[in-house]
Amino acid sequence: MKIYYFDIKVLRDRKLFDQMLKTIDSKKKEEVNKQKITADKLRMLAGGLLINFVRKEYGIDNEIVVDKYGKPEFKKSKVKFNLSHSGKFAIIAVSDRNIGIDIQKIKEDKHRVAERNFTPAECDYINKARTDEARCQRFSEIWTMKEAYLKNIGLGLRKPLNSFEIDMKDGKARVKGLKEYNFIQFKMDQMYMVSICSDKRDTEYEVKEVTI
């Protein structure tokens, strides 16, 4: 499994932005142009650049198709990928098995969001943290793992977040009742939580920054 990320700050240069926009495919370019907020445009473009990088790195010419649930994939390719972005980062996970990734900037306490979207056991895990900072981190841990799992199985937010549980017992995260998934989690810049949901056989990974 390979994890590639891109820092969008370089794309604030208008000339470079326009130059890079010409390199991505027409569908991704249309998505970029639909965005109203500049930062969203930069993140969307960065996602397109990461896809370009993966194409080149893995020798993929296949077009990208979207399944009935909206999950993108390379047509007739064994290479699987999943994209996410938050704040200043866009990030992509690549594997030969189904994969899901989510990145979120760690923000203030979201206890009300947790109460609406998490199970009682997940809320208990968050609330047992001793400091506000730790509670914020635990919220981000659970949220990104749930998102990564849903993106792995290709359902996105079509499946309610509280319809399944992230079991944090024994210090090892798992989807309660399911043994076929593995979670990998790390922080970037101490401000961003990254969660990857992979096949249980897919445990080794490498993280690399992609630059222009």
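Residues numbered from 1 in each chain as written. Predicted model: local features only at pLDDT ≥ 70, side-chain atom pairs only at ≥ 80, totals over all residues. Heavy atoms only, no water.

Some details on the nonpolar core
Then step 1. Core analysis: the biggest nonpolar cluster contains 28 residues, and Tyr4, Leu11, Leu45, Leu50, Phe74 and Ile92 have the highest contact counts within it.
Then step 2. Those elements that provide at least two residues to this core are β1 (2-7), α1 (14-21), α3 (38-58), β4 (80-86) and β5 (89-95).
Then step 3. Among the elements that make up this core, the one with the highest residue count is α3 (nine residues).
Then step 4. Setting aside residues no more than four positions away along its own chain, tyrosine 4 makes contact with Leu50, Phe53, Val54, Glu57, Tyr58, Ala90, Ile91, Ile92, Val94, Lys208 and Val210.
Then step 5. Grouped together as the second largest cluster of nonpolar side chains are 21 residues, Tyr125, Ile142, Trp143 and Leu161 included. (Core = buried A, V, L, I, M, F, W, Y, C linked by side-chain atoms within 4.5 Å. Buried < 20%, exposed > 50% of the residue type's maximum accessible area, 1.4 Å probe, protein only. Helix = DSSP H or I, 4+ residues; strand = E, 2+ residues; numbered from the N terminus. Contact = heavy atoms within 4.5 Å.)

Some thoughts on the packing of aromatic side chains
Then step 1. Scanning all chains against the criterion turns up ten aromatic pairs.
Then step 2. Measuring from ring centre to ring centre gives 4.9 Å for tyrosine 4 and phenylalanine 53, while their planes differ by 65°; the resulting arrangement is edge-to-face. Separated by 49 residues along the polypeptide, tyrosine 4 in strand β1 and phenylalanine 53 in helix α3 bring together distant segments of the chain. The two residues tyrosine 4 and phenylalanine 53 agree in class, both being buried.
Then step 3. Measuring from ring centre to ring centre gives 5.3 Å for tyrosine 149 and tyrosine 181, while their planes differ by 85°; the resulting arrangement is edge-to-face. Here tyrosine 149 is found in helix α6 (residues 132-153), whereas its partner tyrosine 181 is found in strand β9 (residues 181-188), with 32 residues between them in sequence.
Then step 4. Through a chain of ring-to-ring contacts, three or more aromatic side chains come together here, namely Tyr5, Phe89 and Tyr192.
Then step 5. Against the face of tyrosine 125 rests arginine 138, its NZ or CZ located 4.2 Å from the ring centre. (Phe/Tyr/Trp six-rings, centres within 6.5 Å; stacked < 30°, edge-to-face > 60°. Lys NZ or Arg CZ within 6 Å of the ring centre and 35° of its normal.)

Some details on the environment of phenylalanine 81
Then step 1. Within the secondary structure layout, phenylalanine 81 lies in strand β4.
Then step 2. Residues phenylalanine 81 and glutamine 104, spaced 23 residues apart in sequence, show a C-alpha to C-alpha distance of 18 Å.

With respect to the sheet that holds β9
Then step 1. Here we have three strands laid out as an open sheet, ordered β6-β10-β9, and antiparallel in their pairing. The two strands at the open ends of the sheet, each matched to only one other strand, are β6 (99-105) and β9. Between one strand axis and the next, the sheet turns through 15° on average, direction left out of account.
Then step 2. Note: β6 against strand β10 (residues 192-199), seven bridges, orientation antiparallel. Bridging from a neighbouring strand, lysine 105 pairs with tyrosine 192 of β10.
Then step 3. Together, β6, β9 and β10 form the strand contacts of α6, whose direction differs from that of β6 by roughly 150°. (Pairing = 2+ DSSP bridges. Axes fitted to C-alpha atoms, helices over the stretch in contact; angles between N-to-C directions.)

Some remarks on the pattern of salt bridges
Side chains that differ in sign of charge can pair as their charged atoms come close.
Then step 1. Overall, the coordinates contain 15 salt bridges when judged by the stated rule.
Then step 2. A salt bridge links aspartate 7 to lysine 88, with the nearest nitrogen and oxygen atoms 4.0 Å apart. Placement of the pair is aspartate 7 in strand β1 and lysine 88 in the loop between β4 and β5, with a sequence separation of 81 residues.
Then step 3. In this structure, aspartate 96 engages arginine 97 in a salt bridge whose closest nitrogen and oxygen atoms are separated by 3.8 Å.
Then step 4. Overall, aspartate 96 belongs to the exposed group, its relative accessible area being 55%.
Then step 5. The exposure class of arginine 97 is partly exposed, given its relative accessible area of 27%.
Then step 6. By sharing partners, the salt bridges in this structure join Asp7, Lys9, Lys88 and Asp189 into a single network. (Salt bridge = Lys/Arg side-chain N within 4 Å of Asp/Glu carboxyl O.)

Brief notes about the layout of surface pockets
Then step 1. By volume, the largest pocket amounts to about 780 Å³.
Then step 2. Lys28, Glu31, Gly70, Pro72 and Leu83 are the residues nearest the centre of the largest pocket, which is lined by 29 residues in total.
Then step 3. Those elements that provide at least two residues to the lining of the largest pocket are α2 (26-34), α3, β2 (64-66), β4 and α6.
Then step 4. Of all the elements, β4 adds the most residues to the lining of the largest pocket, at five residues.
Then step 5. Grouping the amino acids of the lining of the largest pocket by side-chain chemistry returns twelve nonpolar, seven polar and ten charged. (1 Å grid on protein atoms, 1.4 Å probe; cavity = no way out; pocket = protein on both sides within 12 Å on 5 of 7 lines; lining within 4 Å. Points joined across faces, edges and corners; volume = space filled by probe spheres on them. Nonpolar A, V, L, I, M, F, W, Y, C, P; charged D, E, K, R; others polar.)

Digging into unusual backbone geometry
The general pattern is negative phi for most residues beyond glycine and trans for most peptide bonds.
Then step 1. Backbone geometry places aspartate 189, a non-glycine residue, at a positive phi of 55°.
Then step 2. Along the chain, aspartate 189 turns up in the loop between β9 and β10.
Then step 3. Of note, glutamine 190 is a non-glycine position whose phi angle comes to about 60°, a positive value.
Then step 4. Tracing the backbone shows glutamine 190 in the loop between β9 and β10.
Then step 5. Assessed through its relative accessible area of 60%, glutamine 190 is described here as exposed.

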